[in-house]
Amino acid sequence: MKNMHTNGNNGSQTTPIIEISDLKVHYGDKSALNGISFDVYKNEILGIIGPAQSGKTTLLKVINRTLEFTSQTSIEGSVKLDGVDISTIGDVYGLRRRIGMVLPLPVGLPLSIYDNVAFAPRTAGVRAKSELNEIVERCLQQAALWDEVKDRLDTLGTKLSGGQQQRLTIARALSHQPEILCLDEFSIAVDPVTTMRIEDVLDTLRTEMTILLVTNLVQQAKRLADRTAFMLNGDLVEIDTTDVIFSDNPANQATYDYVNGNFG
Amino acid sequence: MNSLMTHPNPRQKFVLQGIALVILGAVFFPVWNVLKKTHVSDVPISSVARVPDPLSNLFNDLYFFLSISFLAILLGVTCAFYLQEWLPETNWVRRLVENQVSILSGIPSLLYGLLAVLIFLPYSGVIQKIETVSSDGNVGAASLKATVFQGDTTLFYAMLLTFVILVMPRVIKTTQAALRSVPMPIRESAYALGASRSQVLMKHVVPIAFPLILAGGCRAMSCAFATAALFIGVCIWSHAPQSGQMTGGFVLFLGGSLILSILSSFLIERYSPVPTRNT
Ligand SMILES: Nc1ncnc2c1ncn2[C@@H]1O[C@H](COP(=O)(O)OP(=O)(O)OP(=O)(O)O)[C@@H](O)[C@H]1O
Ligand SMILES: [Mg+2]
């Protein structure tokens, strides 16, 4: 878009991994995204902020093609992943495995802790027990959950506390070694301490993958994101480095108001 | 989204109810016709008259009902899965079937019982005949009941049909509701992990929906059993009031119906998914 320079922890990294151009989404007659365009760079944390109904979740669902399960939706424009239009990808399951997704509320699949994390590798064809053990341990370590659950991997994932479950879903999202990790308001059901722990986890992951962080806590974007996008009612108002968005003079007055909490 | 299906406008509703009536008629008319041609003398009395042990027949009947109910439930569940998981909401077959199901499942089961009594009772002259035939002084109501179902294969199939029509729409309806009740984020999470549709269904949707599907099956069967109890009761009381006792069959079906309905309430109470915020 208008501003191509990045800063933050990744210095000069500007290879686009996702290119979104003129993306429009309708639910029935209702427009949820009215033609937005921007790039996501490799190994950056892109914060996406905006009030409710602005289309943030919809955007993530387009990227991993789970919007297809909502009936009567139409998508125009293109989303390219590594230069390939995702709508032309035949192996949609493979596509989804390249993208990790963490939903607002922890969704414990009706499986044990171990099976929750081993689910994606298994569907991808990993059978060897030792390999699965390794993946489960690595992902639970990465999600800062291993120490708390290593003695009870067989219990149901839904028996964990809310904060633990959310870390479990992060471990699960990491289990298929995604290139891109999308988090949709992950801290909505998590206490501040756990939120900080997860933020630390994300901070360490930024070297390995690209992170799309949708958040309703603007300070969270300020703490973590290299760049931040501000969305409003299906429009991309502004995308720029986090420093600029949170400075006293972002390009758009609405951005300033939203970030400083005197919006609406 | 479902408003399209659950709220047809009044004219559509009228047409749909017409179709439902025609379907009902189409099912019952041939049965009625066959019945009219069945004379008492056609009934293979010999096969009925040597009913040796009322109790074993009782279990035969129960077994028969269980297997029929089970088949009807299986069929209903399969239909529901196909409608809910494979056909898009706007598909006309799905909309038609869902409308029919919603109308048919709304008919009180009592009505089916009355229908069964109305159709079958005139032909239960069979029973009196047999009573005189096997005059060994031990014509209890149990063997009398046995004759109702074993006297004539037509009666047999008519009953079967009644129960299928009674059970299936109920099962389709509750199974669809159970599938719908599985929170969308669970499906989305599983899909986001790269699972295919069948993996999502078998590993996530079915385990969550299963108790509710079972509850729906129990409730439908409970209705069927209650109808059977009514039918048996009316047969007994109108033909052998002097026996003055309820047969084991009547008690079994009534008790079964009660237990099943309690079980289904318990399952619903215990396993209804907690509503999840749908972002
Ligand atoms: N399944 C759906 N059917 C119809 N409309 C929908 C559906 N999901 C979202 N929408 C509409 O699309 C628009 C964008 O919704 P979306 O969930 O993407 O917003 P959001 O930015 O994620 O909001 P929030 O902060 O509340 O999560 C809203 O106007 C919403 O009403
Ligand atoms: Mg959202």
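Below you will find a few notes about this structure. (Residues numbered from 1 in each chain as written. Chains lettered and ligands numbered in written order. Predicted model: local features only at pLDDT ≥ 70, side-chain atom pairs only at ≥ 80, totals over all residues. Heavy atoms only, no water.)

Okay, the site of ligand 1 next. Residue and element names in this part refer to chain A. Neighbouring ligand 1 are 13 residues; Lys30, Gln53, Lys56, Thr57 and Thr58 lie closest to it. At 2.9 Å, a backbone N or O of Gly55 approaches an oxygen atom of ligand 1. The side chain of Lys56 places a nitrogen or oxygen atom 2.8 Å from an oxygen atom of ligand 1. Taken together, the elements giving at least two residues each to the shell around ligand 1 come down to strand 2 (30-41) and helix 1 (56-63). Here the shell around ligand 1 gets three residues from one element, more than from any other, and that element is helix 1. Residue classes in the shell around ligand 1 are distributed as three nonpolar, seven polar and three charged. (Near = heavy atom within 4 Å. Polar contact = N/O pair within 3.5 Å; in protein donor to acceptor, adjacent residues only side chain to side chain. Helix = DSSP H or I, 4+ residues; strand = E, 2+ residues; numbered from the N terminus. Nonpolar A, V, L, I, M, F, W, Y, C, P; charged D, E, K, R; others polar.)

This next bit is on the packing of helix 6 (residues 162-174) of chain A against helix 7 (residues 192-205) of chain A. Residue and element names in this part refer to chain A. Contact pair helix 6 / helix 7: the axes reach a minimum separation of 10 Å and the direction vectors enclose 15°. Considering the angle they form, helix 6 stands roughly parallel to helix 7. Crossing angle aside, the handedness with which helix 6 passes helix 7 is right-handed. Between helix 6, through Gly163, Gln166, Arg167, Ile170 and Leu174, and helix 7, the contact on the second element is made entirely by Thr194, Arg197, Ile198 and Leu205. For the contact of helix 6 with helix 7, the residue count by class is four nonpolar, three polar and two charged. (Axes fitted to C-alpha atoms, helices over the stretch in contact; angles between N-to-C directions. Parallel < 35°, antiparallel > 145°, perpendicular 65-115°, else oblique. Left-handed = near helix turned anticlockwise from the far one by under 90°. Contact = heavy atoms within 4.5 Å.)

Along the chain, Asp191(A) falls in the loop between strand 7 (180-184) and helix 7. We classify Asp191(A) as partly exposed; its relative accessible area is 36%. (Buried < 20%, exposed > 50% of the residue type's maximum accessible area, 1.4 Å probe, protein only.)

The next point concerns the side chain of Ser105(B). Residue and element names in this part refer to chain B. Positionally, Ser105 belongs in the loop between helix 5 (92-104) and helix 6 (109-120). Here Ser102 takes part through its backbone oxygen, which lies 3.4 Å from a polar atom of the side chain of Ser105. Sequence-distant contacts of Ser105, that is, excluding residues within four places in its chain, are made with Pro169, Arg170 and Lys173.

Moving on, we get to helix 7 of chain A. Residues and elements named next belong to chain A. End to end, helix 7 covers 20 Å across 14 residues, agreeing with the expected 20 Å (1.5 Å per residue, within 8%). Buried within helix 7 we find Thr194, Thr195, Ile198, Glu199, Val201, Leu202 and Leu205. The buried side chains of helix 7 occupy one side of the element, clustering within an arc of 155° when seen end-on. For helix 7, exposure combined with an orientation more than 90 degrees from the buried face picks out Pro192, Val193 and Thr204. Each element contacted by the buried residues of helix 7 is listed here: strand 3 (45-49), helix 4 (129-142), helix 6, strand 7, strand 8 (210-214) and helix 8 (218-224). Sitting at the head of helix 7, Asp191 places a side-chain oxygen 3.1 Å from the backbone nitrogen of Val193. (Expected span 1.5 Å × (residues − 1). Arc of directions from axis to C-beta.)

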